[in-house]
Amino acid sequence: MVIMFSRFVVHPGAGHLVNAISGSGLMVPVRVDIESPSRFVGALKLLRLWVMRARERRALVRLDEHALTDIGMSRADALSEAAKPFWRR
């Protein structure tokens, strides 16, 4: 059983408004405030860094000997770097 109090209900502890009247009768968030936008942005930047590292390490393995020599790496160095997990430097 769903009890409707009003159109908008302040959800205690969550810091956002919740729409209590929706087509399905579920509580639907109207607006969500992120507690600290800098944490969210920081997490996105970290995720982007990890994706770039993984992509670059996969690309290292595909380079030929001439290209590796141009960037100052040996095949062993490239394989060692490519074997690292994306979260390691």
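What comes next concerns the included structure. What you see is a predicted model; the values in this text were computed from it and never measured. Counting restarts for each chain, with residues numbered from 1 along the sequence as it is written. In view of the model being predicted, local features appear only for residues whose pLDDT reaches at least 70, and side-chain atom pairs are presented and counted only at 80 or more, with totals across whole chains, interfaces and linings using the full set of residues. As a convention, hydrogens and water are excluded, and side-chain values are obtained from all of the structure's heavy atoms.

## Side note on a nonpolar patch on the surface
Here a patch means residues that are over 30% exposed by relative accessible area and free of salt bridges, tied together within 9 Å if like-charged and within 5 Å if nonpolar (Val, Leu, Ile, Met, Phe, Trp, Tyr). For the accessible areas, the method is Shrake-Rupley and the probe is 1.4 Å, while residue cover comes only from the protein chains on display. We define a salt bridge as a side-chain nitrogen of Lys or Arg found within 4 Å of a carboxyl oxygen belonging to Asp or Glu. On the surface, Phe40, Val41, Leu44, Leu47 and Val51 cluster together into a nonpolar patch covering about 430 Å² of accessible area. Each helix is a run of DSSP H or I of at least 4 residues and each strand a run of E of at least 2, with the numbering of both proceeding from the N terminus. Within the secondary structure, Val41 is located in helix 1 (residues 37–62). Note on Val41: relative accessible area 41%, which makes it partly exposed. Exposed residues in this analysis have more than 50% of their type's maximum accessible area, buried residues have under 20%, and partly exposed residues fall in between, with area computed by a 1.4 Å probe over protein chains only.

## Quick word on the packing of aromatic side chains
Given two aromatic rings, one states the distance between the centres and the angle between the planes to describe the pair. Any two of the Phe, Tyr and Trp rings considered here, Trp counted by its six-membered ring, make a pair once their centres fall within 6.5 Å; the pair's planes then place it as stacked at under 30 degrees, edge-to-face at over 60, or tilted in between. According to the stated counting rule, one finds two aromatic pairs in the structure shown. Arranged with centres 5.2 Å apart and planes meeting at 65 degrees, the rings of Trp50 and Phe86 form a pair that is edge-to-face. Separated by 36 residues along the polypeptide, Trp50 in helix 1 and Phe86 in the segment after helix 3 (75–82) bring together distant segments of the chain. In this structure Trp50 comes out as partly exposed when scored by relative accessible area, which is 27%. Classification of Phe86 as partly exposed rests on a relative accessible area of 35%. Ring centres 5.0 Å apart and planes at 90 degrees place the aromatic pair Phe86 and Trp87 in the edge-to-face group. Each residue in the set Trp50, Phe86 and Trp87 is aromatic and connected to the rest through ring pairs, giving one cluster.

By themselves these figures say nothing about function.
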